[in-house]
Amino acid sequence: KEYNYYQAEFDNIPAYVNEGFSAGTPNKKRIDFKLAYNTNAGSRRLNTFSVAGATVYQQVATLSKDEQKAVKSFIQKNGLKSGSAIEKLKKLEDVIKKQFYVEEYGSPDLVEFFKNGYGSTRAFVKLFNAILETLEIRHELVVTGDRFKLKFSKEFDSWNYLSDYLFYLPEEK
C-alpha cells in the first residue's frame, strides 16, 4: 500500500543501426517515466505541459527591481533603443555574443549575470525576454526540443522534451 513497483521485460530488441544523414537517435529504444500523481497533491495531475508553460513564464518573466534596473542600464549602455525590431535584435545578439557566455551552472539572476559575464541558459532567455519587454517588441516565447535527440510526444507530457527556447516575433514573422 505504500509503494508502487513496476517491472518490464523486453525480448528480441533489434540492434540499433546508425543510418547516415538520418535522425536516428530519437528512434532508439528507451523508457521514459514521470511522476504524474502524488498522494499529497490529491487527484490533481502533476508536471503537465500547461504547468511547464506557467513555470517557465514565471521564471523568465518575473524580474526583481534590481534586475529591471540592470536591464534598462544594459539597453542604454549598448544603444539598443534605436532601429527596427530586427536591427535591435541583431545588435543585441552581437553584444551578447561578445560580452557573455553560457555556464549551465550559472545563476539565472540577471544582476549576477551582468556582474559575472556568464549565466545559465535560463538567464539568457530571461535577458532576451526582459529586453524585448522593455523595448516593447511583441514576442512569444516558445519552448521546444531538439528533434535529433528526442521524438516529441504530445500524449506523454514529459518535460524532458522541453530543452530549447525560441522567440517568435509575430510582426517580423
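A few points on the structure. (Residues numbered from 1 in each chain as written. Predicted model: local features only at pLDDT ≥ 70, side-chain atom pairs only at ≥ 80, totals over all residues. Heavy atoms only, no water.)

**Overview of a nonpolar patch on the surface**
Residues Phe10, Ile13, Ile31 and Phe33 make up a contiguous nonpolar surface patch of about 500 Å² in total accessible area. As for its placement among the helices and strands, Ile13 is situated in the segment before α1 (49-61). (Patch = residues over 30% accessible without salt bridge, like charges linked within 9 Å, V, L, I, M, F, W, Y side chains within 5 Å. Areas by Shrake-Rupley, 256 points an atom, 1.4 Å probe, with all protein chains shown as cover. Salt bridge = Lys/Arg side-chain N within 4 Å of Asp/Glu carboxyl O. Helix = DSSP H or I, 4+ residues; strand = E, 2+ residues; numbered from the N terminus.)

**A word on helix α3 (residues 85-99)**
With 15 residues, α3 extends 21 Å between its outermost C-alpha atoms, agreeing within 8% with the 21 Å of an ideal straight helix rising 1.5 Å per residue. Of the positions making up α3, those classed as buried are Ala85, Lys88, Leu89, Leu92, Val95 and Ile96. With its buried residues spanning 130° around the axis, α3 presents them on a single face. Pointing more than 90 degrees away from the buried face of α3 are the exposed residues Lys90, Lys97 and Lys98. Where α3 is buried, its residues touch α2 (65-77) and α5 (121-134). (Expected span 1.5 Å × (residues − 1). Buried < 20%, exposed > 50% of the residue type's maximum accessible area, 1.4 Å probe, protein only. Arc of directions from axis to C-beta. Contact = heavy atoms within 4.5 Å.)

**A word on the side chain of Asn129**
Among the structural elements, Asn129 can be located in helix α5. Discounting residues that sit within four places of it in the chain, Asn129 has contacts with Val60, Ala61, His139 and Phe167.

**Observations concerning the environment of Gln99**
Mapped onto the elements, Gln99 comes out in helix α3. We classify Gln99 as partly exposed; its relative accessible area is 36%. Remark: the alpha-carbon pair of Gln99 and Gly117, spanning 18 residues in sequence, is separated by 6.5 Å. If we skip the residues at most four places from it in the chain, Gln99 touches Phe74, Asn78 and Gly117. For Gln99, the side chain forms a polar contact with the side chain of Asn78, separated by 3.3 Å. (Polar contact = N/O pair within 3.5 Å; in protein donor to acceptor, adjacent residues only side chain to side chain.)

**Focus: the pattern of salt bridges**
With the rule as written, the count across this model stands at eight salt bridges. In this structure, Asp32 and Arg30 form a salt bridge, with 3.1 Å as the shortest nitrogen-oxygen distance. Residue Glu171 is joined to Arg138 by a salt bridge in which the shortest nitrogen-to-oxygen separation is 3.2 Å. Highlighted residues: Glu171 in the segment after β4 (164-168) and Arg138 in the loop between α5 and β3 (140-144), separated in sequence by 33 residues. Through salt bridges with shared partners, a single ionic network connects Lys34, Arg45 and Asp157.

**Digging into the packing of α1 against α5**
Contact geometry of α1 with α5 gives a least axis separation of 8 Å together with a crossing angle of 70°. The pairing of α1 with α5 is recorded here as roughly perpendicular in orientation. Contact residues: α1 offers Val56, Gln59, Val60 and Ala61, while α5 offers Arg122, Val125, Lys126 and Asn129. Broken down by class, the residue content of the contact of α1 with α5 amounts to four nonpolar, two polar and two charged. (Axes fitted to C-alpha atoms, helices over the stretch in contact; angles between N-to-C directions. Parallel < 35°, antiparallel > 145°, perpendicular 65-115°, else oblique. Nonpolar A, V, L, I, M, F, W, Y, C, P; charged D, E, K, R; others polar.)

**Concerning the packing of aromatic side chains**
Considering all chains together, one arrives at eleven aromatic pairs under this definition. Taking the centre distance of 5.3 Å and the plane angle of 55° together, the rings of Phe152 and Tyr161 count as tilted. Within the aromatic cluster, the residues linked to one another by ring pairs are Phe74, Phe100, Phe113, Phe114 and Phe124. Over the face of the ring belonging to Tyr16 we find Lys28, whose NZ or CZ atom lies 4.8 Å from the ring centre. (Phe/Tyr/Trp six-rings, centres within 6.5 Å; stacked < 30°, edge-to-face > 60°. Lys NZ or Arg CZ within 6 Å of the ring centre and 35° of its normal.)

Don't take any of this as a statement about function, it's just geometry.
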